[in-house]
Amino acid sequence: HFCRHGERWELQLKGSGKTPYSRNGDGRAVLRSSVREFLCSEAMHYLGIPTSRAASLVVSDDDVWRDQFYNGNIKKERGAIVLRLAKSWFRIGSLEILAHSGELDLQRRLLDFIIQEHFPSIPMHDSNRYLEFFSTVVSETANLMALWMSVGFAHGVCNTDNFSLLSITIDYGPFGFMDSYDPNFVPNTSDDERRYKIGNQANVGLFNLSKLLQALKPLLDPRQKRLASQVLEGYGEHYYSRFTELFKAKLGLLGENENDNYLIAFLLKVSLLC
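Residue indices follow the written sequence of each chain, beginning from 1 at its first position. Local features in this predicted model are restricted to residues of pLDDT 70 or higher, and side-chain atom pairs are both shown and tallied only at a pLDDT of 80 or more, whereas totals for entire chains, interfaces and linings draw on every residue. Derived side-chain values reflect all non-hydrogen atoms in the structure, with water molecules and hydrogen atoms excluded from consideration.

Engineer: Account for the pattern of salt bridges, with residues named and values stated.
Structural biologist: In the sections that follow, a salt bridge refers to a side-chain nitrogen of Lys or Arg positioned within 4 Å of a carboxyl oxygen of Asp or Glu. Scanning the entire structure with this criterion turns up 17 salt bridges. Put simply, Asp-61 and Arg-78 hold a salt bridge, and the shortest N to O gap is 3.3 Å. Of this pair, Asp-61 sits in strand β3 (residues 53-66) while Arg-78 sits in strand β4 (residues 75-86); the two residues are 17 residues apart in sequence, bridging distant segments of the chain. When a residue's accessible area, from a 1.4 Å probe over protein chains only, is under 20% of the maximum for its type it is buried; when over 50% it is exposed; and in between it is partly exposed. Take Arg-78: its relative accessible area is 47%, and that puts it in the partly exposed class. In DSSP terms, a helix is any run of H or I states spanning at least four residues, a strand is any run of E spanning at least two, and both are numbered starting from the N terminus.

Engineer: I'd like a rundown of the domain arrangement of the protein chain, residues and numbers included.
Structural biologist: What the domain assignment reports for the protein chain is domain 1 (10-86) and domain 2 (92-250). Whether two residues are in contact is decided by their heavy atoms, any of which lying within 4.5 Å being enough. Listed as interface residues are 17 residues of domain 1 and, on the opposing side, 17 residues of domain 2. Summed over both sides, the interface of domain 1 with domain 2 buries roughly 1,400 Å², with 63% coming from carbon and sulfur. Connecting domain 1 to domain 2 are 1 salt bridge. The salt bridge partner of Asp-171 is Arg-84, with a shortest N-O separation of 3.2 Å. Here a polar contact means two N or O atoms within 3.5 Å. Within protein one must be a hydrogen donor candidate and the other an acceptor candidate, and residues neighboring in sequence count only if both atoms are side-chain atoms. Taken together, domain 1 and domain 2 are joined by 7 residue pairs in polar contact (both at pLDDT 80 or more). For the domains described, the bounds stem from an automatic or database domain assignment. Buried area: the sum, over both parts, of the accessible surface (1.4 Å probe) that disappears when the two are put together.

Engineer: I'd like a description of the packing of aromatic side chains, backed by residues and values.
Structural biologist: Aromatic pairing here means that ring centres of Phe, Tyr or Trp (its six-membered ring) are within 6.5 Å. Orientation follows from the plane angle: under 30 degrees is stacked, over 60 is edge-to-face, and everything else is tilted. All told, the structure shown has 11 aromatic pairs when counted by the stated rule. Ring plane angle 20° and centroid distance 6.2 Å describe the contact between Tyr-262 and Phe-266, whose orientation is recorded as stacked. Of this pair, Tyr-262 and Phe-266 both sit in helix α8 (residues 260-273), 4 residues apart, which is roughly one turn of that helix. Residue Tyr-262 is classed as exposed on the basis of its relative accessible area, which comes to 58%. For Phe-266, a relative accessible area of 42% gives the class partly exposed. Aromatic ring contacts, followed pair by pair, group Trp-148, Phe-153, Phe-163, Tyr-172, Phe-175 and Phe-177 into a single cluster. Either the NZ atom of lysine or the CZ atom of arginine qualifies as a charge over a ring when it sits within 6 Å of the ring centre and within 35 degrees of the ring normal. The ring centre of Tyr-130 lies 4.8 Å from the NZ or CZ of Arg-129, which sits over that ring. Above the plane of the ring of Phe-207 lies Arg-195, whose end atom (NZ or CZ) is 5.4 Å from the centre.

Engineer: Lay out the environment of Met-145 with the relevant residues and their values.
Structural biologist: By secondary structure assignment, the location of Met-145 is in helix α4 (residues 129-150). Since its relative accessible area comes to 1%, Met-145 is described here as buried. For the pair Met-145 and Leu-206, spaced 61 residues apart in sequence, the C-alpha separation works out to 9.9 Å. Apart from residues no more than four positions distant in its own chain, Met-145 is found in contact with Phe-163, Gln-201, Ala-202, Tyr-235 and Tyr-239.

Engineer: Please set out unusual backbone geometry residue by residue, giving values where relevant.
Structural biologist: One non-glycine residue, Ser-167, lies in the positive phi region at around 60°. Mapped onto the elements, Ser-167 comes out in the loop between β5 (153-154) and β6 (176-177). With phi around 55°, Asp-171 is a residue other than glycine that occupies positive phi space. Tracing the backbone shows Asp-171 in the loop between β5 and β6. On the accessibility criterion, Asp-171 (15% relative accessible area) is buried.

Written as structure tokens, this is what we have:
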């Protein structure tokens, strides 16, 4: 951890080698992807999109073997290490794995820590704090998905382990920006089923939030479970409202007009045909 303007940020090295979480990977990173992460995370920050940041990039003399296009053509590339920063690196998967293994006491301790450190508006003595936490994550995730769409950003691997509980953009692996509008755009060459195509990102966000709710349910009473389900049902409205707001700002549309949404949809369709 380190303090920046009174804020505490967590440091993380990407590409420094194996960790307990590397599974079957070598824990290394190549220069090519490291430069992309550095540049994109900083670009996203200055576009006003919540994101991790990049503090430094160090080139390694070690060789790293990678199959860049997943076609069996393995090549030797130069390694690199990115020092990246975020207020927190906890993800939906961080809670999901504890719920899956039945470690509810540890899950409760972790949740309380996350709320205390990063959700100051939620009182720790509030018996509904987990419900309030979930409600905040739902609305902020909807906001993040709309922001991604507003700049044509596609993450590439939108699983629960790459979705931040603080609703920031993390883990820049296979990502991309659309050159022209195409809801079927996929930046990940290994995503043969187009699961994470840009036009499906909002739905994948909903799916991941449903997994978060599933992980939280053992800690909720029946009334809270019912309310949490209602909160999740409101995700689409949150997303669509923010999406519309962002695109109206792009077009310079002021006030409210029933034809605004039609105009946005029409222009996107025109750009698709072009």
